[in-house]
Amino acid sequence: MAVANSQDSYYLSLLALAERFRTQEPANIKMCLQCLQAVLTFSPPPKVEARTHLQLANLLIKYTKNTQLAREHLELAWTLSMNIVGFDDVRFEAASELAKIYEQTGETNNAKTLLQRAIELSRQNVFWHCRLLFQTAQMGLSEYDYATAGALLQNGLDYCHMQGIAYNQLLFLLSKIMVFLLEGRGGVEVQALLSQANQSVEQYNGPQGQKEHLRVFYLVLMVCHNLNSGQVKSVKPALKQLQQSIQNITQLSEQEVIPNSSSEMFAWLPREQLCVLVYLVSVMHSMQAGYMEKAQKYTDKALLQIDKLKAEENSSILGSLQLLLLEHSVMCHLIIGSKAQAIKEIARVCRLLQADTKQLQAHRAQLHTLLAVYAMSMNNSTAAELQFNAALRTSKNRDLWIFANLNLAVVYLRCQRERDFAAIMDRINPDTLPTQSQSLRAASFYVQGLHAFFTARHNDGKRFLRESLKMANAEDLNRLTSCSLVLLGHIFLALGNPREALNMVTPAMQLASKIPDLHLQLWSSAILKDLHRLFGDTSHEQESSQSHLNFSQTLLTDHVTASHLPEHQLINWTDGPFPLPLPPGPDRVQQ
């Protein structure tokens, strides 16, 4: 008995000492680990042994790269906890962390089997049952298994309904809608679920912090659904409401965000990351509406915030948000005519992706698309075609696939490759386009109009472009409106109707200047110069000529700068290491 008590005092003292080393400033993790390992030599009771294995594993995961040793400790914690009645916190935390390690090492089947077993055992523990369902659904999402993810979230929704836990139930509902949007579903089904979610969020009477969190989640989904559908004008009220709601969240005290119950200890994202996400959604809206300066302003603010957050804790979601913001920033620079800056930012994207294989696979199609659009802006049709085809091979996103096809069609039209254009004609037919996006449908009408223009079918061209204009105007798609107007002007000029051409190109130029889109300004000024000459308007002809010259020189200077950058080599990359020296920087993970 005396020996037993002595052993008890030894391991209890070691546990206390380990905690002291862990919490001191600065923490002494090495000594903490040694104390915990020493605890195990005294054959402590199973509960202490299991918890110590879990503590060791968590410290190894957080402070070292010894994944194998962490895995061994987690496996022991899981096995030991299975023979102890209760003890849910150790059992299910061990299962959750072990599944993450299995997933990281490519053993997804082991991870799924373990999580499924843990889900079965956790039905009496609301918090862990919900957390494990969310984790397993996330694993399905990472494999693009939307059906499995959706089914797991529906199970969680039904479970929380039976348990009467409204907050968690709403999180499962909103997560299910998110999966539907990622899957590319839309229309009546998603709209009905969004309406249901909106009503439930407004009726929720839990803590204000939870309600605002749910509202932001709902509004992000609502705005993204509308933007995916090309409804840029219709979504403005929801976007303003979202921006107001995120301000409300940032002003809440810590006390106001504490949940009613330990079963509800969930949040979609931390407040700081929600702010970045709202910036991203605002960038997406500004880009579609054609407000490049506003989009760049939001992007710069968001990237600055990400740098601050990454300095504290570099989570995968921050990496994803950073990539999405940079991808939008690249497109923004290409539109305003800053090709040199665009290819530098593409290289920055490459540095981020080179450090993370998983992110590279997830963003590969977007990267090829960015390189393709850059190559188009550099008038390199060979590289553009190469990159668009690479994007088409790797894309898992239907709308990105359509975007790549539409731009590939433009490449073929520019190069007068009628046969190649005809080969992809069915993919870009506006009447059968497999998308809910009105902006993509409007763009497909524009491409059809461009084809009609190049093949001198001017009446068909006018018909297609008027349809594109009607759709673009309805939702304030300013850049598409400007493109359609200037091409219509070109067609009217070709038909010998300069007055009507001027009526089209003048507002096109105004819109292009407002965006600003340097290539559209160049095109518009070239037509205006010819029109004013036809009308004998010398002063306006000279003004347009000077504008055209300025635009040409600006674009040419930038073109030369971009073409001499080492990053320009990226346009020929399709696989393997990126073909340029990538210096270590804040975006590069040191090996």
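Residues numbered from 1 in each chain as written. Predicted model: local features only at pLDDT ≥ 70, side-chain atom pairs only at ≥ 80, totals over all residues. Heavy atoms only, no water.

- Named according to an unreviewed UniProt entry, the chain is MAU2 chromatid cohesion factor homolog originating from Petrolisthes cinctipes.
- The heading Sequence similarities (unreviewed entry) in the UniProt record of the chain holds the text "Belongs to the SCC4/mau-2 family." (UniProt positions renumbered as here; feature names shortened; annotations may be inferred.)

Regarding the overall build of the chain
So, point 1. Check the secondary structure of the chain and you find 26 helices and zero strands.
So, point 2. Once the C-alpha set of the chain is aligned to its principal axes, its extents read approximately 110 × 55 × 45 Å.
So, point 3. In the chain, which comprises 591 residues, the proportion classed as buried is 51%.
So, point 4. Sequence separation of at least 24 residues holds for 63% of the intrachain contacts in the chain that already meet a minimum separation of 6. (Helix = DSSP H or I, 4+ residues; strand = E, 2+ residues; numbered from the N terminus. Buried < 20%, exposed > 50% of the residue type's maximum accessible area, 1.4 Å probe, protein only. Contact = heavy atoms within 4.5 Å.)

So, the packing of helix H7 (residues 126-142) against helix H9 (residues 166-183)
So, point 1. Where H7 contacts H9, the axes come no closer than 12 Å and their chain directions differ by 5°. One element, H7, and the other, H9, form an angle in the roughly parallel class. Facing H7, whose interface residues are Val-126, Cys-130, Leu-133, Phe-134 and Leu-141, H9 presents Asn-168, Leu-171, Phe-172, Ser-175, Val-179 and Leu-182.
So, point 2. Residue composition of the contact of H7 with H9, by class: nine nonpolar, two polar and no charged. (Axes fitted to C-alpha atoms, helices over the stretch in contact; angles between N-to-C directions. Parallel < 35°, antiparallel > 145°, perpendicular 65-115°, else oblique. Nonpolar A, V, L, I, M, F, W, Y, C, P; charged D, E, K, R; others polar.)

What about a positive patch on the surface?
So, point 1. Residues Lys-240, Lys-294, Lys-297 and Lys-301 make up a contiguous surface patch of positive charge.
So, point 2. Looking at where Lys-240 falls in the secondary structure, it is placed in helix H12 (residues 236-250).
So, point 3. Lys-240 gets classed as exposed once you look at its relative accessible area, which sits at 61%. (Patch = residues over 30% accessible without salt bridge, like charges linked within 9 Å, V, L, I, M, F, W, Y side chains within 5 Å. Areas by Shrake-Rupley, 256 points an atom, 1.4 Å probe, with all protein chains shown as cover. Salt bridge = Lys/Arg side-chain N within 4 Å of Asp/Glu carboxyl O. Lys, Arg positive; Asp, Glu negative; His and termini not counted. Charge placed at Lys NZ, Arg CZ, Asp CG, Glu CD.)

Topic: the UniProt feature "repeat: TPR" (unreviewed entry) in the chain
So, point 1. Mapped onto this structure's residue numbering, the UniProt feature "repeat: TPR" (unreviewed entry) falls at residues 92-125.
So, point 2. Measuring from the first to the last C-alpha atom of residues 92-125 gives 10 Å, for a span that is 79% helix and 0% strand.

A word on the pattern of salt bridges
It is possible for side chains of opposite charge to pair when their charged atoms get near one another.
So, point 1. Considering all chains together, one arrives at 21 salt bridges under this definition.
So, point 2. For Lys-112, the salt bridge is made with Glu-143, and the minimal N-O distance between the two is 2.8 Å. Of this pair, Lys-112 sits in helix H6 (residues 108-121) while Glu-143 sits in the loop between H7 and helix H8 (146-163), placing them 31 residues apart in sequence.
So, point 3. Its relative accessible area of 32% is what places Lys-112 among the partly exposed residues.
So, point 4. Note on Glu-143: relative accessible area 33%, which makes it partly exposed.
So, point 5. One salt bridge in this structure joins Asp-558 and Lys-339, with 3.7 Å as the shortest N-O distance. Taken together, the positions of Asp-558 in helix H26 (residues 538-563) and Lys-339 in helix H16 (residues 339-354) put the pair 219 residues apart, joining distant regions of the chain.

Regarding the state of the cysteines
So, point 1. Counting across every chain of the model gives zero disulfides.
So, point 2. Its sulfur unpaired, Cys-224 is 16 Å from the next cysteine sulfur, which belongs to Cys-275. (Disulfide = S-S within 2.5 Å.)

As for the packing of aromatic side chains
So, point 1. Scanning all chains against the criterion turns up eight aromatic pairs.
So, point 2. Taking the centre distance of 6.4 Å and the plane angle of 70° together, the rings of Tyr-144 and Tyr-146 count as edge-to-face.
So, point 3. Taken together, a centroid distance of 4.7 Å and an interplanar angle of 45° make the contact between Trp-573 and Phe-578 tilted.
So, point 4. Taking the relative accessible area as the measure of exposure, Trp-573 reaches 3% and is therefore buried.
So, point 5. Through successive ring pairs, a cluster of aromatic residues spans Phe-92, Phe-127 and Trp-128.
So, point 6. Of note, Lys-294 hangs over the ring of Tyr-291, and the distance from its end group to the ring centre comes to 5.5 Å.
So, point 7. Stacked on the ring of Phe-464, the Lys or Arg Arg-463 has its end atom at 4.7 Å from the ring centre. (Phe/Tyr/Trp six-rings, centres within 6.5 Å; stacked < 30°, edge-to-face > 60°. Lys NZ or Arg CZ within 6 Å of the ring centre and 35° of its normal.)

Section: the nonpolar core
So, point 1. Ranked by size, the top nonpolar core spans 192 residues in total, and within it Ile-177, Leu-242, Ile-346, Leu-367, Phe-388 and Val-447 carry the most contacts.
So, point 2. When neighbours within four sequence positions are excluded, Val-447 is seen to be in contact with Leu-406, Ala-409, Val-410, Leu-413, Phe-421 and Ile-428. (Core = buried A, V, L, I, M, F, W, Y, C linked by side-chain atoms within 4.5 Å.)

Describing the side chain of Glu-567
So, point 1. Summarising the element assignment, Glu-567 is placed in the segment after H26.
So, point 2. Buried charge without a salt bridge: Glu-567, with Arg-351 as the nearest opposite-charge side chain at an N-O distance of 5.7 Å.
So, point 3. When residues no more than four places from it in sequence are discounted, the contact partners of Glu-567 are Ile-343, Lys-344, Ala-347 and Leu-580.

Examining the environment of Glu-567
So, point 1. With relative accessibility at 17%, the residue Glu-567 sits in the buried group.
So, point 2. Through-space distance from the C-alpha of Glu-567 to that of Leu-580 is 6.5 Å; in sequence the pair is 13 residues apart.

Quick word on H8
So, point 1. In this model, H8 (18 residues) spans 25 Å end to end at C-alpha, consistent with the 26 Å of a helix rising 1.5 Å per residue.
So, point 2. Turning to H8, its buried residues number three or more, namely Tyr-146, Ala-149, Gly-150, Leu-152, Leu-153, Gly-156, Leu-157, Tyr-159 and Cys-160.
So, point 3. On its buried face, H8 sits against H7 and H9.
So, point 4. Taken from the residues just after H8, Gly-164 is the one with a positive phi, measuring 70°. (Expected span 1.5 Å × (residues − 1).)

Here we look at H12
So, point 1. Helix length check: H12, at 15 residues, gives a terminal C-alpha distance of 21 Å against a target of 21 Å (1.5 Å per residue), a fit within 8%.
So, point 2. Within H12, burial applies to Ala-238, Leu-239, Leu-242, Ser-245, Ile-246 and Ile-249. Buried residues in H12, looked at end-on, bunch into an arc of 120°, giving them a common side. Exposed residues pointing more than 90 degrees away from the buried face of H12 are listed as Pro-237 and Lys-240.
So, point 3. Among the structural elements, helix H11 (208-228) and helix H13 (271-289) are those in contact with the buried residues of H12. (Arc of directions from axis to C-beta.)

A look at the packing of helix H3 (residues 46-63) against helix H4 (residues 67-81)
So, point 1. One way to put it is that H3 packs onto H4 with a least axis distance of 8 Å and a crossing angle of 155°. Between H3 and H4, the crossing angle belongs to the class labelled roughly antiparallel. The interaxial crossing formed by H3 with H4 has left-handed handedness. Of the residues in H4, those in contact with Glu-49, Ala-50, His-53, Leu-54, Leu-56, Ala-57, Leu-60 and Ile-61 of H3 are Leu-69, Ala-70, His-73, Leu-74, Leu-76, Ala-77, Leu-80 and Ser-81.
So, point 2. Counted by class, the contact of H3 with H4 contains 12 nonpolar, three polar and one charged residues. (Left-handed = near helix turned anticlockwise from the far one by under 90°.)

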